[in-house]
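Next come the chains, spelled out residue by residue.
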Amino acid sequence: MAARPPSVAFWPLAALFALSGAGALIVETTWMRWLRDLLGATAPATAATTVAFFAGGALGALLGGRWARRCHDPGQALRAYAWVEVLAVAGALAAPLLLAAGDVAMETLYPRLLETPGALLAVRFGLALLATLPAAVAYGATFPVIGAAALPSPSAMGTRATALYACNTAGAAAGAGAAAWFWPPRI
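Residues numbered from 1 in each chain as written. Predicted model: local features only at pLDDT ≥ 70, side-chain atom pairs only at ≥ 80, totals over all residues. Heavy atoms only, no water.

Peer 1: Any chance you could break down helix α3 (residues 74–113) for me, citing the residues and the numbers?
Peer 2: The end-to-end C-alpha distance of α3, which contains 40 residues, comes to just 51 Å, noticeably less than the 58 Å that a straight helix rising 1.5 Å per residue would cover. Along its length, α3 reaches its greatest deviation from straightness, about 40°, at E107, and the proline P111 lies no more than four positions downstream. At the N-terminal boundary of α3, the capping side chain belongs to D73, with an oxygen 2.9 Å from the backbone nitrogen of G75. (Helix = DSSP H or I, 4+ residues; strand = E, 2+ residues; numbered from the N terminus. Expected span 1.5 Å × (residues − 1). Bend = angle between axes of the 7 residues up to and from the residue. Polar contact = N/O pair within 3.5 Å; in protein donor to acceptor, adjacent residues only side chain to side chain.)

Shown next as structure tokens:
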């Protein structure tokens, strides 16, 4: 059995993954603001965003793990990671267009759903998920795919995978802070 080529330089990938985390949380915070308008209140908007990110993240991790297993060397995994990030950005950029399409659909459905508030909320919640899940799935796929590029073997999961995840989470915290306090006054 041929030995696996050495992994790609770890710390540059960890920094890249931190930026990915920042981007994901900027997107998530922005969605909460947009979904508040669609759903009419902060609590349903937060719930829809959280559901999209966790459900999309879980599905993305499953799909990303399958993709990562097909990568036979770190360079191939790094290219896969780049594609996953491109898909995440495309999904994030598509979200406002999908939400606008949902608004058009709501204009037609609203009069029929007005008498059943539960159904109205369910349709709005469904539209929110349809608009946000594509990017959330792609963000969920980032960890297994970047792990295939950054880790020399599955036995390196302990320390290095924890460091990757910590960098991503630190970036996410920075992104959430930037989206809440830094960017709004400047946009």
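Peer 1: Requested: an account of the layout of surface pockets, with residues and values cited.
Peer 2: Empty space within the largest pocket amounts to approximately 500 Å³. Surrounding the largest pocket, 21 residues form its lining, F53, G57, Y139, Y165 and N168 being those nearest its centre. Taken together, the elements giving at least two residues each to the lining of the largest pocket come down to α1 (10–39), α2 (42–69), α4 (117–150) and α5 (157–186). Tallied by class, residues from the lining of the largest pocket come to 13 nonpolar, 7 polar and 1 charged. (1 Å grid on protein atoms, 1.4 Å probe; cavity = no way out; pocket = protein on both sides within 12 Å on 5 of 7 lines; lining within 4 Å. Points joined across faces, edges and corners; volume = space filled by probe spheres on them. Nonpolar A, V, L, I, M, F, W, Y, C, P; charged D, E, K, R; others polar.)

Peer 1: Could you give an account of the side chain of E28, naming the residues involved and the relevant values?
Peer 2: Of note, E28 is situated in helix α1. Those residues in contact with E28 that lie beyond four places of it in its chain are T49 and F53. (Contact = heavy atoms within 4.5 Å.)

Peer 1: Which residues make up the packing of α1 against α2, and what are the values?
Peer 2: If you want to describe how two helices pack, look at the angle between their axes and the distance between the axes. As a packed pair, α1 and α2 sit with axes 8 Å apart at the nearest point and diverge in direction by 140°. Of the possible angle classes, the one that applies to α1 and α2 is oblique. The element α1 and its partner α2 pack so that their crossing is right-handed. Across the interface between the two elements, A24, E28, W31, M32, L35, R36 and L39 of α1 pack against T42, P44, A45, T46, A48, T49 and F53 of α2. Tallied by class, residues from the contact of α1 with α2 come to 9 nonpolar, 3 polar and 2 charged. (Axes fitted to C-alpha atoms, helices over the stretch in contact; angles between N-to-C directions. Parallel < 35°, antiparallel > 145°, perpendicular 65-115°, else oblique. Left-handed = near helix turned anticlockwise from the far one by under 90°.)

Peer 1: Tell me about the packing of aromatic side chains, residues and numbers included.
Peer 2: Applying the stated rule across the entire model yields 5 aromatic pairs. Taking the centre distance of 6.0 Å and the plane angle of 25° together, the rings of F17 and F143 count as stacked. Within this pair, whereas F17 is found in helix α1, its partner F143 is found in helix α4, the two being separated by 126 residues in sequence. The class of F143 is partly exposed, set by a relative accessible area of 25%. Ring geometry for W31 against F53: centres 5.4 Å apart, planes inclined by 55°, an arrangement best described as tilted. Note that W31 is positioned in helix α1 and F53 in helix α2, a separation of 22 residues in sequence. (Phe/Tyr/Trp six-rings, centres within 6.5 Å; stacked < 30°, edge-to-face > 60°. Buried < 20%, exposed > 50% of the residue type's maximum accessible area, 1.4 Å probe, protein only.)

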